[in-house]
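Remarks on the overall topology
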Amino acid sequence: MRVCRCAVALLAMVGWTSLAVAQSAEKDTHSAKVSYVRCGTLLDGKAERGRSNAVIEIVGEKIEKIVDQAPADAANVIDLSRETCLPGMIDTHTHVLLQGDITAADYDEQLLKQSPEYRTILATVNARRALEYGFTTIRDLETEGAGYADADVKKAINNGVIPGPRMQVATRAMDVTGAYPLLGYAPNVPVPHGVQVVDGADAGRKAVREQIMYGADWIKVYSDRSYRVREDGVLDDVPTFTLEELKAIVDETHRERHKVASHAMALRGVHNSVEAGVDSIEHGNYIADEDLKTMAAHGIFYVPTIYVGAYVAEGRAAEGAPVWVKMLAIHEDTFRRALKNGVKIAFGTDAGGFAWTVNPAKEFAYMVKWGMTPAQAIRSATSSAAELLGWSDQVGSIEAGKFADIVAVAGDPLKDVNVLEKVDFVMKGGNVVRKP
């Protein structure tokens, strides 16, 4: 009898607790701010065509649903009826700790004459710029000698200390001895390096563990250097890591449920990266057909970063490296072959490799010029980019349950993709960052 009474009491307690939780959740829903964004045209990040006169209902920081019109008594309606609304854009290759490095001198000066603290202050400005350009999410692919400062910038944004996009970060990145700046100084002059120098498979595994411990979401490797165009038109290189080293780094990263981005611009660096099983090829100015087929089969993403190559080409040629000018035509051919082979392509710009005062959305025009439709280019910076980041359930499209990350432009980007360089409305997580 006593056991029975205890069971009844326990069931009653469970029932009361469940009711209290349900009531609390209902109260939170009712107390959350409700707002509406009225769009002249809505491009949701997935469909080929836009939807006219759509209204996005937002509860708190999330999208509740898409409706035809806001309630007549709605108090908080943002009227963008003359604009095209899109998901907040995603740049999957940035460097907020870098201020442009056309020449070696540009790079050396930042590492030798700017303290990590000063560079971090500049990074907070760059993060805000990225957000105001309409990039509500970025993947920042290493700090170029500023240690783990990107993890702190991300933390400050998440804690509401500074404005900025959602971030995934790669912290220090890795390369081998003698392959990454600063280089060319006398042996008796100790200088900083833009990466964590790693030699050997075991050292690679240790570096992966260390970087993840200090906040890395991604592991980045520099897989090649020293580029030249062969007589047959192939862009050749000197690989950095051995295949054994790369495989160890990838294995350790995947074992810890993280992903690897590989800076690989030419033949051997790309091939070794693909063989090792990386998750994304960064730049990829030349990729052999067989490697493109493997990338398509295994879902390895291609992040082409076209604009930065055009931006630095003349300056680097003037410094004695004319190969950078030749690389543009090679890059275009690779991009077109990647499209033909069905390789997944995500939008990435290498912002920081060019000055942050330049709008990274310039990348869209190059992607369209080189064979993408405007709709494909937009998806590369929305739903496809979200897939690369593993955040398809949170960002990358305008649909119920996702963050209310929304941008708007006065024009039709499906007809003229250049209008994405003139975003005049930005919302991140239901909060208006910029308005017309």
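Keep in mind that this is a model prediction, so the values were computed, not measured.

1. Some thoughts on the sheet that holds strand β7 (residues 166-169)
- Pairing in this open sheet of three strands is parallel, and the strands run β5-β6-β7 from one edge to the other. Strand pairing shows two members of the sheet lacking a second neighbour, β5 (89-94) and β7, which therefore form its edges. Sheet twist, expressed as the mean angle between neighbouring strand axes with direction ignored, is 15 degrees.
- Taken together, the four bridges between strand β6 (residues 135-140) and β7 define a ladder with parallel strand orientation. From the neighbouring strand, Arg139 faces β7, where its bridge partner is Gln168.
- Contacting β6 and β7, helix α4 (residues 149-158) runs over the sheet at an angle of about 160 degrees to β7.

2. Examining the confidence of the model for the chain
- On average, residues of the chain score 93 in pLDDT, and 93% of them are at 70 or above.
- The low-confidence segment residues 6-29 (pLDDT under 50) makes one contact with residues lying over four places distant or belonging to another chain.

3. Here we look at the nonpolar core
- Counting residues in each nonpolar core, the largest one holds 86 residues, and the members touching the most others are Met174, Ile281, Met295 and Phe364.
- For this core, the element with the highest residue contribution is helix α10 (residues 323-340), accounting for six residues.
- If we skip the residues at most four places from it in the chain, Phe364 touches Met89, Phe347, Ala377, Ile378, Ala381, Val417 and Leu420.
- Within the second largest apolar cluster, 16 residues are counted, among which are Leu80, Cys85, Ala404 and Ile406.

4. Focus on empty space enclosed by the protein
- Applying the stated rule across the entire model yields four cavities of 30 Å³ or more.
- Size it by volume and the largest cavity reaches roughly 50 Å³.
- If you go around the largest cavity, the residues you meet are Leu43, Asp44, Gly45, Lys46, Ala47, Glu48, Ala375, Ile378, Arg379 and Leu414.
- Partitioning the lining of the largest cavity into residue classes produces five nonpolar, one polar and four charged.

5. Focus: the sheet that holds strand β2 (residues 51-59)
- Judged by pairing direction, the sheet is mixed, and its seven strands sit side by side in the order β3-β2-β1-β4-β16-β17-β18 without closing on themselves. Of all the strands in the sheet, the pair left with one neighbour each is β3 (62-67) and β18 (431-434). On average, each strand axis in the sheet is tilted by 40 degrees relative to the strand beside it, whichever way the strands run.
- Relative to strand β4 (residues 77-87), strand β1 (residues 34-42) runs parallel, the two sharing six bridges. Within β4, the position partnered with Tyr36 by the bridge is Val77.

6. A word on a nonpolar patch on the surface
- Side chains of Leu112, Tyr185 and Val189 sit close together on the surface and give an oily, nonpolar patch of about 240 Å² of accessible area.
- Note on placement: Val189 falls in the loop between β8 (174-175) and β9 (196-197).

7. Here we look at the pairing of β1
- Sheet analysis places β1 next to β2, joined by eight bridges and oriented antiparallel. Looking at the pairing, Cys39 lines up with Ala54 of β2.

8. Considering the layout of surface pockets
- Quantified by volume, the largest pocket comes out at close to 1000 Å³.
- Considering the residues around the largest pocket, the lining is formed by 39 residues, among which Asp101, Pro181, Tyr227, Arg316 and Trp324 are closest to the centre.
- Elements represented by at least two residues in the lining of the largest pocket include exactly α2 (104-113), β10 (218-222), β11 (224-229), α9 (306-318) and α10.
- Considering only enclosed or pocket space, the second largest pocket measures out at about 230 Å³ in volume.
- Lining the second largest pocket are 13 residues, with Leu131, Gly164, Lys428, Asn431 and Val433 sitting closest to its centre.
- Broken down by secondary-structure element, the contributors of at least two residues to the lining of the second largest pocket are α3 (116-132) and β18.
- The greatest single-element share of the lining of the second largest pocket, amounting to three residues, is contributed by α3.
- Broken down by class, the residue content of the lining of the second largest pocket amounts to five nonpolar, three polar and five charged.

Each value, and the rule that gives it
- Residues numbered from 1 in each chain as written.
- Predicted model: local features only at pLDDT ≥ 70, side-chain atom pairs only at ≥ 80, totals over all residues.
- Heavy atoms only, no water.
- Pairing = 2+ DSSP bridges.
- Helix = DSSP H or I, 4+ residues; strand = E, 2+ residues; numbered from the N terminus.
- Axes fitted to C-alpha atoms, helices over the stretch in contact; angles between N-to-C directions.
- Contact = heavy atoms within 4.5 Å.
- pLDDT = per-residue confidence, 0-100.
- Core = buried A, V, L, I, M, F, W, Y, C linked by side-chain atoms within 4.5 Å.
- Buried < 20%, exposed > 50% of the residue type's maximum accessible area, 1.4 Å probe, protein only.
- 1 Å grid on protein atoms, 1.4 Å probe; cavity = no way out; pocket = protein on both sides within 12 Å on 5 of 7 lines; lining within 4 Å.
- Points joined across faces, edges and corners; volume = space filled by probe spheres on them.
- Nonpolar A, V, L, I, M, F, W, Y, C, P; charged D, E, K, R; others polar.
- Patch = residues over 30% accessible without salt bridge, like charges linked within 9 Å, V, L, I, M, F, W, Y side chains within 5 Å.
- Areas by Shrake-Rupley, 256 points an atom, 1.4 Å probe, with all protein chains shown as cover.
- Salt bridge = Lys/Arg side-chain N within 4 Å of Asp/Glu carboxyl O.

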